[in-house]
Amino acid sequence: MLLPEILVKILFNLINGLIWALIMALIALGLSLIFGLMGIVNIAHGEFYMWGAMLTWFAIAFFKNTLFGIVLTIALLASLGAVLERGVLRTFMGRPTYTVIATIGISYILQQVALAIFGGWPQAVPDPIKISIPIFGVGYPVYRLLLAGIAIAILVSLLVFLYKTSLGLQIRAAMQDEEMASAMGIPVSRIYTITFVIGAVLAGLGGALAAPIVQVFYLMGLDVLAMAFIIVIIGGLGSLRGTILASLIMCPLENLLTVFITPTEARVVSLLVMAVVLLFRPQGLFGGARG
Amino acid sequence: MISSTYTKIAKDRRFIIRTPKLTTVFLMIALPLFLLGMISPKYITSLVTDIVIFSIYAMGYDILLGFTNQFSYGQALYFGLGAYGVLLSVLHMGVNLWTGIIIALTICVFISLLLGSLSVRLTGAYFVIITIIFNLVFYFLALSWVWLTGGDDGLTFTVPPLDFLLIKLSLNDHIVKFCFIFSLFIISFLILERLISSPLGRIFIGIRENEERLTFLGYDVFRYKLIAYVVSALFSGLSGALYAIRLGYASAEFFSLSLSALPIVYTLVGGMGTLIGPVIGTIIILPFTYFVGALWKHYFIIVGALIILLLKFNPKGVIGYIMKYR
């Protein structure tokens, strides 16, 4: 079966968009969790993502081991998240302006340290699996489908963690009503640290998964930060289900637009959609309630 | 109890009397700066010119953050608009410098009225995010519309001579350029100083201290927040325009988020809500980044650490530090 070229292009953009949407959902969920619980607009979130990608590239380039990269990402971002939350952000609790400025400072530091260690040249991670399967007569690399599978697995386990375990219940309780949760004996302070760590690790894992698809570069975080904001706002700040839905809608849509206009213009369209949502429905498109 | 209250009032009065006028302090800072720019070798004059340009940027930003407590992370939008406004109007329409600057400022006012009326309704995190978004929209567009902006490489232009009292002054001479920019700096300060000591400025401070109460007193808070936003955009635009004139160049980087972070750092270091603080902050940080940046290219690590440490230990900035020990 042969399809007209434009249809094939649209189809491939849709598939790529969906895979990217799953990765973005991880990153945006991290952002959403952190905002939902702590009220922090985390400007450094893109940098967490960049570090995940950088570490994965580093592990593959020098140790030829993808798994090591992922372990390294989780370990490093978890400790980074804990240190930042305890050492820096904790001090500015209840002062949203200060926390935003502090995360700007953090993002500068993370960016420049990455530049100093890994260098300023865009790096490409070689395809982990070099097999491709034919879809409508065009070869599609298998590893991309594998990435989608891993992303789904992480998403599902995160949702299971949040909705089926007692720690997840405590996090959701603290998100809904912090004082009440505290009165019920939930160690809110510890929950804060755990949530920030989860958010940072999610962004890092997103970066690790994205590393073979995108160019690994110390400024790659900005692009993803913009997209994560778009998704989180459209889905509703702090709403987890809304975030996943918005990601699954916006990323394929943006990829689809790139068939007709340049990627930058497609991004501007998404940004404008987001601005409209922010102005007329600040609680997000999907469900008003948090949690 | 009563006596302690009285001493407190007495102390406060002494404090008020002793606090020098803003303009005096400003002159104490501006005069040495001017002399330094006039007598120094060329590269120092260029540095002082930059300090003056970014002081305008930071003072304008202070109206937004320091006086009405609206935290914007997207002022580079207007910086870039100002720069491109003057550059493109000179380049394509061949207007003289004053007209170019006026066109640039008009664009800034119109765009900020439009975007401001959408965004100042939002508060807290939402306001931050929407200012980032608007900034990014312009940044991405400037990067992609290479035919208009020159993209990353930017555009250069020959700065036209300045019509001043029937004389045509060539801005090719760096001292003339410095004097021109410095005089606009003085004018900017005087305008902003008048603004914040007027009733309007009191309303701004009222919004910062207690927005709800002002609403109850019958003030249209939205309108005043919008005015603050537009004023801030206007001075960001002026500073961008002057920067383009100083370099004879503008690029898409003028719209970047790192340029949006600059006035935040300057205002924070000097002390927000003081108008003079941002100037002091610029005088401290800009040369610091200039010289350290020449020695160590990752100096932004220091800037980042400085932001966090300042917030933690001295959120009121240099001015706050001085006030504490007087």
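Above this text you will find the structure in question.
Residues numbered from 1 in each chain as written. Chains lettered and ligands numbered in written order. Predicted model: local features only at pLDDT ≥ 70, side-chain atom pairs only at ≥ 80, totals over all residues.

Visitor: Describe in detail the overall build of chain A, supporting the description with residues and values.
Guide: The helix and strand tally for chain A stands at 11 helices and 2 strands. For chain A, the succession of helices and strands along the chain, N to C, is α-α-α-α-β-β-α-α-α-α-α-α-α. Its C-alpha atoms give chain A a radius of gyration of 19 Å, near enough to 19 Å, the size a compact globule of 291 residues would have. Overall, the C-alpha framework of chain A stretches about 65 × 45 × 35 Å when taken along its three principal axes. A total of 291 residues make up chain A; the buried ones form 48% of that total. (Helix = DSSP H or I, 4+ residues; strand = E, 2+ residues; numbered from the N terminus. Rg over C-alpha atoms; globule rule 2.2 N^0.38 Å. Buried ≥ 20, exposed ≤ 12 C-beta atoms within 10 Å, placed from the backbone.)

Visitor: Now, about the overall build of chain B: what can you tell me, with residues and values included?
Guide: The number of helices and strands found in chain B is 15 helices and 4 strands. Here the C-alpha coordinates of chain B stretch approximately 70 × 45 × 45 Å along the principal axes. A total of 326 residues make up chain B; the buried ones form 44% of that total. Taking all contacts inside chain B whose residues are at least 6 apart in sequence as the whole, residues at least 24 apart take part in 77%. (Contact = placed C-beta atoms within 7 Å.)

Visitor: Talk me through unusual backbone geometry; I want residue IDs and the actual numbers.
Guide: Even without a glycine there, the phi angle at Lys64(A) is positive, about 55°. The residue Lys64(A) is located in the loop between helix 2 (45-63) and helix 3 (66-87) in this model. Backbone geometry places Asn69(B), a non-glycine residue, at a positive phi of 55°. Here Asn69(B) is to be found in the loop between helix 3 (42-68) and helix 4 (76-93).

Visitor: Give a detailed account of the nonpolar core, specifying residues and quantitative values.
Guide: Counting 198 residues, the largest nonpolar core has Met24(A), Ile27(A), Ala228(A) and Ile133(B) as its most contacted members. Beyond its immediate stretch of four places on either side in the chain, Met24(A) contacts Met227(A), Ala228(A), Ile231(A), Ser247(A) and Cys251(A). (Core = buried A, V, L, I, M, F, W, Y, C linked by C-beta atoms within 7 Å.)

Visitor: Quick one: what's the story with the interface of chain B and chain A, residue by residue and with numbers?
Guide: Residue-level contacts link 32 residues of chain B with 37 residues of chain A. Listing elements by their share of the side of chain B that touches chain A, those giving two or more residues are helix 6 (124-144), helix 12 (257-270) and helix 14 (300-313) of chain B. With 14 residues, helix 6 of chain B is the largest single contributor of residues to the side of chain B that touches chain A. Taken together, the residues that form the side of chain B that touches chain A break down as 27 nonpolar, 4 polar and 1 charged. (Nonpolar A, V, L, I, M, F, W, Y, C, P; charged D, E, K, R; others polar.)

Visitor: Lay out the environment of Val201(A) in plain terms, naming residues and giving numbers.
Guide: Residue and element names in this part refer to chain A. Its location among the elements puts Val201 in helix 8 (residues 188-210). Classification of Val201 as buried rests on a count of 24 C-beta atoms within 10 Å. Taking C-alpha positions, Val201 is 8.3 Å from Gly52, a pair spaced 149 residues apart along the chain. Once you skip the residues sitting within four places of it in the chain, Val201 turns out to touch Ile74, Leu77, Ala78 and Gly81.

Visitor: I'd like a description of the environment of Ile103(B), backed by residues and values.
Guide: Residues and elements named next belong to chain B. Structurally, the position occupied by Ile103 is in helix 5 (residues 97-119). Taking the number of C-beta atoms within 10 Å as the measure of exposure, Ile103 has 18 and is therefore partly exposed. Separated by 13 residues in the primary sequence, Ile103 and Val90 have C-alpha atoms spaced 9.9 Å apart. Setting aside residues up to four positions removed in sequence, Ile103 forms contacts with Gly85, Ser89 and Val95.

Visitor: Before we move on, can you summarise the packing of helix 5 of chain B against helix 11 (residues 221-247) of chain B with the specific residues and values?
Guide: What describes two packed helices is the angle between their axes and the distance between those same axes. Residues and elements named next belong to chain B. Look at helix 5 against helix 11: their axes get within 8 Å of each other, and the N-to-C directions meet at 145°. Seen from above, helix 5 lies across helix 11 with right-handed handedness. Here helix 5 contributes Ile101, Ala104, Leu105, Cys108, Val109, Ser112, Leu113, Gly116 and Ser117 to the contact with helix 11, which in turn contributes Leu226, Tyr229, Val230, Ala233, Leu234, Gly237, Leu238 and Ala241. Class assignment of the residues belonging to the contact of helix 5 with helix 11 gives a composition of 13 nonpolar, 4 polar and no charged. (Axes fitted to C-alpha atoms, helices over the stretch in contact; angles between N-to-C directions. Left-handed = near helix turned anticlockwise from the far one by under 90°.)

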